[in-house]
Every structure is written in C-alpha cells, then in structure tokens.
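Descriptive analysis of the structure
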Amino acid sequence: PEVPVICIDGPTASGKGTLAVEVAHELGYHYLDSGSLYRVTGLATRRKGLEPEPAYEAEIAALAETLPLQFVKGKVLLDGEDVSDAIRTEAAGMDASRVSALPAVRAALLALQKRFRRLPGLVADGRDMGTVIFPEARLKVFLTASAAQRAERRHKQLISKGISTTLDSLRADLEARDARDSSRSVAPLKPAQDARRLDNSQLSIAQSVEQVLNWWQETQ
Ligand code: C5P
C-alpha cells in the first residue's frame, strides 16, 4: 500500500517542528525532522576540524553518508552521545545551513530521509520535503510567519533551554539563514507548486494543527 506522507516546509522558526510533531501524534504517524540531519552533519564537520565550506564538500558528504546517528525517545544521538542540545544553538543552525547548500551533502542524506517513510505514515518537516524528497506526497504545507513572530518564538524557546540571546541578533540570524536557504542552487526553500500555504502568525498551535488535519481529511 501507499505509505502516506504529509510535508511541512517553511522558513526558520516558523513552527514547522511543533506543528509536525503534533500532527504526527494525532495521526499516529512517524516524524522526520530533516533539519536535524543537516545540524548533526554540521556538528560532525566541526568535530572533524573541518569548516562547513565548499572546499570540503567531498569530506563532509562522506561524513553525512555514514553518520552514526540514532533517534531515541526524541533525543538525537551521534556516536551514542546525546547531541540534542548541541545541535539547537544558533551557531549550529548556521553551520547546518552552510553544509546543506552543498549538493553532495544533500545527495548523501537523500536515502536516509526516504527511509523514514514507513507505515502507517510520515509527517516530514524541512525545506524541501515537498519539492525534492517526497514530491508525490498528497499533502504539502508551506508554513510561514512574520520574521518578528519567528524571532520572538525562537527567543522564548532558547531562553527556556537556558541559552541566552537577544531578539535582534536572532532576527538577523534567521533572516540571514533564510536568505541563504532560499537562494542556493540545489533544493532552495520555496513552496511546491501544489503546496497549501499556512501563515500561522495569528494562529494558536491547536488551530494550525486543526487546519492541517482538515486538509488531510480532504485528501482522503
Ligand atoms: O529546520 P532547521 O532550522 O533545524 O534546519 C537547519 C538548516 O538545515 C536550515 O537552515 C537549512 O539550511 C537546512 N535544511 C535544509 N533542508 C531541509 C531541512 C533543513 O536545507 N529539509
């Protein structure tokens, strides 16, 4: 049988992760946080003493191809070490964005992402879930929110984790990251042709979840 997939793409800190987790929970589906794969690749790159730059594309792609990665109870393990917090910093996000612009790195992570598609279904969040990884998905959502909203949410999230930052620097970071993600030549951040757009600036999480579940019903 066809394994159903719901794609949720959008810019940094638009709430994709929260929405995708909730929708997956409601439907009893698996969840793919594709950004975490690029984040871990960025971390592994640094730990090898490499810069996340085109000059090291082949080495970084080789790392991505053989990442000793596990997902256990919502934690991300690299070589058995819990790196869940280490990959969530803004610096790690920026490194992720840099390695993710390298075509060989994206190719190296392709098969791994597709393997997440298992019964009874998958909710996948990222930048290119609907355009590149699961183009045949029946529901694609492109989630947006204003830059001010996104900076504020990310600020709260980091503060709650005890990581200190300022709103201004966060907003500058996320706008820089979006600009890079949108302008790269491979798999740029953009809505799939058949994506449904959802601006959640004025919506609660519950309202966004409900909208996606309604759209999902319509595709059945
Ligand atoms: O979603 P998250 O902020 O964790 O992603 C970190 C970075 O990984 C993004 O800024 C983007 O550059 C990259 N990414 C990507 N394709 C995806 C998911 C994330 O290029 N599907």
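Presented here is an overview of the structure given in this document. (Residues numbered from 1 in each chain as written. Predicted model: local features only at pLDDT ≥ 70, side-chain atom pairs only at ≥ 80, totals over all residues. Heavy atoms only, no water.)

Our next topic: the overall build of the protein chain. A tally of helices and strands in the protein chain yields 10 helices and 8 strands. For the protein chain, whose C-alpha radius of gyration is 17 Å, the value lies close to the compact-globule estimate of 17 Å for 220 residues. The principal-axis extents of the C-alpha atoms in the protein chain amount to approximately 50 × 45 × 35 Å. Within the protein chain, buried positions represent 48% of all 220 residues. The contacts of the protein chain with a sequence gap of at least 6 include a subset with a gap of at least 24, amounting to 76%. Carbon and sulfur atoms form 52% of the exposed surface of the protein chain, whose accessible area is close to 10500 Å². Distance between charge centroids for the protein chain: 1 Å, based on 29 positive and 29 negative side chains. (Helix = DSSP H or I, 4+ residues; strand = E, 2+ residues; numbered from the N terminus. Rg over C-alpha atoms; globule rule 2.2 N^0.38 Å. Buried < 20%, exposed > 50% of the residue type's maximum accessible area, 1.4 Å probe, protein only. Contact = heavy atoms within 4.5 Å. Areas by Shrake-Rupley, 256 points an atom, 1.4 Å probe, with all protein chains shown as cover. Lys, Arg positive; Asp, Glu negative; His and termini not counted. Charge placed at Lys NZ, Arg CZ, Asp CG, Glu CD.)

Turning to helix α3 (residues 57-65), a few remarks are in order. Residues spaced three or four apart along an α-helix face the same direction, because each turn holds 3.6 residues. The set of residues buried in α3 consists of Ile60, Ala61, Leu63 and Ala64. Buried residues along α3 cover an arc of 155° about the axis, so they all sit on one side. Along α3, exposed side chains directed more than 90 degrees from the buried face belong to Ala58 and Glu65. As for α3, its buried residues are in contact with α2 (34-47), α4 (90-100) and α5 (103-108). (Arc of directions from axis to C-beta.)

One can find Ser14 in the loop between β1 (5-9) and α1 (16-27). Residue classification places Ser14 among the buried positions, given a relative accessible area of 0%. Side-chain polar atoms of Ser14 contact the backbone oxygen of Pro11, separated by 2.9 Å. (Polar contact = N/O pair within 3.5 Å; in protein donor to acceptor, adjacent residues only side chain to side chain.)

Take the sheet that holds strand β5 (residues 81-82) next. Across the sheet, which stays open at both edges, the 3 strands sit in the order β3-β4-β5 with antiparallel pairing between neighbours. Both edges of this open sheet fall to β3 (69-72) and β5, since each of them pairs with a single strand only. With 2 bridges connecting them, strand β4 (residues 75-78) and β5 associate as antiparallel partners. Within β5, the position partnered with Leu78 by the bridge is Glu81. Docked against the sheet, α2 engages β3, β4 and β5, running at close to 35° with respect to β4. (Pairing = 2+ DSSP bridges. Axes fitted to C-alpha atoms, helices over the stretch in contact; angles between N-to-C directions.)

Relative to β4, β3 is paired through 4 bridges, and the arrangement is antiparallel. Residue pairing in the sheet places Leu69 in a bridge with Leu78 of β4. What sits between β3 and β4 in their antiparallel hairpin is a turn of 2 residues, with Lys73 showing a positive phi close to 50°. The antiparallel hairpin formed by β4 and β5 contains 2 residues in its connecting segment, where Asp79 sits at a positive phi of about 55°.

So, on to the packing of aromatic side chains. Describing an aromatic ring pair means giving the distance of the ring centres and the angle of the ring planes. With the rule as written, the count across this model stands at 2 aromatic pairs. Aromatic pair Phe71 and Phe116: ring centres 5.8 Å apart, planes at 80°, arrangement edge-to-face. A residue pair is termed long-range when its members are at least 10 positions apart, and Phe71 in strand β3 and Phe116 in the loop between α6 (110-114) and β6 (122-126) qualify at 45 residues. The class of Phe116 is buried, set by a relative accessible area of 12%. (Phe/Tyr/Trp six-rings, centres within 6.5 Å; stacked < 30°, edge-to-face > 60°.)

Take the environment of Ala13 next. You can see Ala13 is positioned in the loop between β1 and α1. For Ala13 and Arg180, which are 167 residues apart along the polypeptide, the C-alpha to C-alpha distance reads 15 Å. Setting aside residues no more than four positions away along its own chain, Ala13 makes contact with Arg150, Arg153, Arg154 and Leu174.

Before going further, it helps to spend a moment on the packing of α2 against α3. Contact geometry for α2 and α3: axes closest at 10 Å, N-to-C directions at 120°. In this view, α2 runs oblique relative to α3, as classed from their interaxial angle. Viewed along their axes, α2 and α3 form a crossing whose handedness is right-handed. Residues Thr41, Ala44 and Thr45 of α2 touch α3, and the partners they reach there are Ile60, Leu63 and Ala64. The class makeup of the residues in the contact of α2 with α3 is 4 nonpolar, 2 polar and no charged. (Parallel < 35°, antiparallel > 145°, perpendicular 65-115°, else oblique. Left-handed = near helix turned anticlockwise from the far one by under 90°. Nonpolar A, V, L, I, M, F, W, Y, C, P; charged D, E, K, R; others polar.)

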